Amino acid sequence: MVFVLAGTLIFSSCKKTTIIEYNEAEFGSGGGGTTVPNPATGFTKPVVEVENGSITTNTKWTKDKIYRLNGFVRVGRDPKNKAGLAAVEGVTLEIEAGTVIIGDRESKGTLVVQRGNKLIAEGTASQPIIFTSERAAGLREPGDWGGVVLCGKATNNQAGGEAELEGAYEGWHGGTSDADNSGILKYVRIDYAGTPINPNQEVNSLTMGSVGSGTVIDYVQCSYGLDDAFEWFGGTVNAKHLIAYRGLDDDFDVDFGFRGTVQFAVGIRDANSADQSGSNGFEVDNDGTGSSVSPYTSPQFSNVTLIGPKKDRNKTISTQFQNAMHLRRNNKIKIYNSVFTAYPNGLFIDGSTTLANAANGELVLKNNVLAGVDGWGANGYGTGGTTTFPNPIGVETKSTGNVGAQAIEVWFKTASFANETYAKWQDLGIDGSIFDLGSTPKFTLNTGSILLAGASFTGLTGFDVVSHRGAFGTTDWTAGWANFTPQTNAY
């Protein structure tokens with residue numbers, strides 16, 4: 001039956017998710033499926049159809065082909081799989097530098113690396129690996145396909161130490177190995193991901209479920225996703241050089257006890273694209289109810305630049321935009337040496353337990369800069385919000401109560417914290433092109449920028465020591481591999 005079905009696929013012009021299992025014995029070592037040139041789509045290379053199901057042996061995808069994900073393509077098989085099949089671990093999917101992977105729109109193509117297996121997607125600055133929509137240039141939309149999902153065996157704070165990712169697509173994650181290794185993502189772009197699995201349950205562009213510190217996440221760009229760009233559900237993985245570009249929901253969403261270290265990250269928003277749930281730069285929770293369960297969500301972030309949607313006072317933005325940082329539900333995040341601007345609100349510390357964590361020195365903000373927009377209201381934050389998210393007057397800092405005995409604005413400006421606020425982003429020496437659609441932003445700071453100095457790493461570990469605040473100084477680490485006009489690319 002397997003060989004008959006394979007033959008049918010070779011000579012058929014349609015692609016359906018019909019093969020549940022494949023391995024080298026069935027389809028050879030090229031990664032599974034059929035290789036069919038498809039000039040009607042404008043692809044310049046043969047398209048390999050990768051069918052729904054589990055990759056059960058080591059597989060390599062090469063840059064001389066384009067690989068289309070049909071349905072949920074899984075690396076290995078989790079013990080909790082709903083079909084009751086035997087678990088498969090120790091499988092590695094390797095993707096050669098320069099390879100393009102597309103997701104089938106109809107079947108919600110998604111790549112899921114199950115626990116105990118690895119994805120080695122190591123591109124280069126000149127040959128990044130690209131995950132993107134199957135649609136032609138000019139027709140791509142957020143949510144055209146699923147996204148990349150890494151599931152690991154590190155700890156989280158969910159009952160029993162295990163959880164299934166939202167959407168119930170068998171993205172089980174969690175275990176006891178904080179040093180777990182799910183592979184490498186380096187010089188990787190993920191565009192137009194975020195397909196809805198259920199109403200209000202989309203796949204993120206890059207989802208990390210209990211991913212361990214043995215995993216490498218470095219130089220990854222997520223653009224035009226329909227949900228969050230990057231989301232961590234527990235785990236201990238560290239990351240550097242992240243780009244969240246014009247996604248719909250949050251840039252960096254942190255939950256379920258994530259405790260990794262992240263440095264050099266930038267988020268840029270589209271003025272007209274925000275989610276009905278409210279869009280933030282950071283959205284951070286200990287868990288969905290804000291319970292006091294450990295391990296706490298307590299990552300360290302440094303050298304982050306979050307650019308909101310409001311370039312100038314006349315720019316119309318979606319009323320669903322909220323905060324550069326929404327820190328809520330009993331989390332203990334620590335953010336250093338970072339820059340936030342052009343959101344209706346800068347910092348929002350939400351909830352009594354979160355405020356108590358700040359008062360106890362467990363939620364930390366140091367050497368950060370908040371800036372408003374020139375002439376936007378009396379304070380640079382103007383007016384905005386909706387009935388659902390009432391923000392009659394935007395503010396630099398707000399909260400649902402005091403931090404200990406201090407008002408939020410007094411706490412934030414504690415002298416030893418060295419945080420600063422400015423009325424407008426132009427005071428920072430940021431180049432205005434960073435807001436603009438259709439061109440490559442100038443990320444490096446302008447001559448004389450106050451952000452070129454002022455960073456401090458005293459008492460910190462796990463970070464590269466630099467002098468600049470924000471994601472960039474005088475070096476543009478996006479050069480060569482990142483792309484800010486993916487709608488026009490031909491593959």
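Residues numbered from 1 in each chain as written. Predicted model: local features only at pLDDT ≥ 70, side-chain atom pairs only at ≥ 80, totals over all residues. Heavy atoms only, no water.

The chain goes by Ig-like domain repeat protein in an unreviewed UniProt entry, where it is assigned to Pedobacter petrophilus.

### Digging into the overall build of the chain
Where we set the bar: Think of it this way: any DSSP run of H or I at least four residues long counts as a helix, any run of E at least two long counts as a strand, and we number them from the N terminus. Residue burial is assigned from relative accessible area. The probe radius is 1.4 Å, only protein chains are included, and a residue is buried under 20% of its type maximum, exposed over 50%, and partly exposed in between. For this analysis, residues touch if any pair of their heavy atoms sits within 4.5 Å. Method for areas: the Shrake-Rupley scheme with a 1.4 Å probe, in which residue coverage is limited to the protein chains shown.
Secondary structure summary: the chain contains four helices and 36 strands in total. By residue count, 59% of the 491 residues in the chain fall in the buried class. Once local pairs closer than 6 in sequence are excluded, the contacts in the chain between residues at least 24 apart make up 71%. As displayed, the chain has an accessible area near 17,300 Å², and 52% of this comes from carbon and sulfur atoms.

### Some remarks on the pairing of strand β11 (residues 118–122)
Test applied: Between any two strands, pairing holds if DSSP finds at least two bridges.
Alternating residues of β11 divide into L119 and A121, all buried, and K118, I120 and E122, none buried. Inspection of the sheet shows strand β8 (residues 92–95) paired to β11 by four bridges, in the parallel sense. Within the sheet, the bridge partner assigned to E94 lies in β11 and is I120. As judged from the four bridges shared by β11 and strand β16 (residues 183–191), these two strands associate in the parallel manner. Opposite L119, over in β16, you have G183 as the bridge partner.

### Regarding the environment of Y343
Within the secondary structure, Y343 is located in the loop between β29 (339–341) and β30 (345–350). Residues Y343 and V373, 30 residues apart in the sequence, show an inter-C-alpha distance of 8.7 Å.

### Let's talk about the side chain of N345
The test is simple: Whenever two N or O atoms come within 3.5 Å, that pair is a polar contact, provided that in protein one can donate a hydrogen and the other can accept it, and provided that, for residues adjacent in sequence, both atoms are side-chain atoms.
Within the secondary structure, N345 is located in strand β30. Reaching out from N345, the side chain makes a polar contact with the side chain of N323 at a distance of 3.4 Å.

### Things to note about the nonpolar core
Here is the rule we go by: Residues enter a nonpolar core if they are buried and are Ala, Val, Leu, Ile, Met, Phe, Trp, Tyr or Cys, with the set joined through side-chain atoms within 4.5 Å.
Core analysis: the biggest nonpolar cluster contains 103 residues, and F230, W232, F282 and W411 have the highest contact counts within it. For F282, the contacting residues outside a window of four places in its chain are F252, F301, V304, L306, A324, M325, H326, L327, I333, I335 and F340. If you look at the next biggest cluster of nonpolar residues, it comprises eleven residues, including V149, Y169, V203 and F256.

### Brief notes about the pairing of β16
Buried residues dominate β16, accounting for eight of its nine residues. Where strand β12 (residues 129–133) lies against β16, three bridges are found, and the strand directions are parallel. Across the sheet, I130 pairs through a bridge with R189, a residue of β16. Across seven bridges, the pairing between β16 and strand β20 (residues 216–223) is parallel. Pairing of I190 across the sheet is with C222, part of β20.

### What to know about the environment of T99
Along the chain, T99 falls in the loop between β8 and β9 (100–103). The class for T99 is buried, based on a relative accessible area of 0%. Separated by 28 residues in the primary sequence, T99 and Q127 place their C-alpha atoms 8.1 Å from one another. A distance of 3.2 Å separates a polar side-chain atom of T99 from the backbone nitrogen of K63. One polar contact links the side chain of T99 to the main-chain carbonyl oxygen of E96, over a distance of 2.7 Å.

### Description of unusual backbone geometry
The amide bond that connects S294 to the next residue, P295, takes the cis arrangement and shows omega of 0 degrees. The residue P295 is located in the loop between β25 (282–284) and β26 (300–307) in this model. A positive phi is found at E170, a non-glycine position, where the angle reads about 70 degrees. When you line up the elements, E170 lands in the loop between β14 (163–164) and β15 (172–173). Owing to a relative accessible area of 18%, E170 belongs among the buried residues under this scheme. Residue N367 is not a glycine yet carries a positive backbone phi of 60 degrees. The topology assignment puts N367 in the loop between β31 (364–366) and β32 (369–371). Since its relative accessible area comes to 13%, N367 is described here as buried.

### Structural notes on helix α3 (residues 352–359)
Just so we agree on the cut-off: In this description, the arc belongs to the directions extending from the helix axis to the C-beta atoms.
Regarding α3, the residues found buried are T354, L355, N357 and A358. Down the axis of α3, the buried side of the element spans an arc of 155 degrees, and every buried residue falls inside it. Looking at the buried side of α3, the elements it contacts are β27 (323–328), β30, β35 (397–399) and α4 (408–412). Within two residues after α3, G361 carries a phi angle of roughly 75 degrees, on the positive side.

### So, the pattern of salt bridges
Where side chains of opposite charge bring their charged atoms close, a pairing between them can arise. Condition: Salt bridge, as used here: a side-chain nitrogen of Lys or Arg that lies within 4 Å of a carboxyl oxygen of Asp or Glu.
This model, assessed by the stated rule, comprises 25 salt bridges. Taken together, the shared-partner salt bridges in this structure form one network comprising D78, K80, R115 and E162.

### So, the packing of aromatic side chains
Let me state the cut-off plainly: In this scheme Phe, Tyr and Trp rings, the latter by its six-membered ring, pair at centre separations within 6.5 Å, and the angle between planes marks the pair as stacked below 30 degrees, edge-to-face above 60, and tilted otherwise.
If you walk through the whole model with that rule in mind, you get 26 aromatic pairs. A centroid spacing of 5.9 Å and a plane angle of 80 degrees characterise the contact between Y187 and W481, whose relative ring orientation is edge-to-face. Residue Y187 is located in strand β16, and its partner W481 is located in the segment after β36 (420–422); the two are separated by 294 residues in the primary sequence. Neither residue differs from the other here; Y187 and W481 are each classed as buried.

### What about the confidence of the model for the chain?
What counts is decided by this rule: The quantity known as pLDDT measures the predictor's confidence residue by residue, on a range of 0 to 100.
On average, the chain scores 90 in pLDDT, and the residues at 70 or more come to 89%. In the model, residues 1–33 has pLDDT below 50 throughout and makes 66 contacts with residues more than four positions away in sequence or in other chains.

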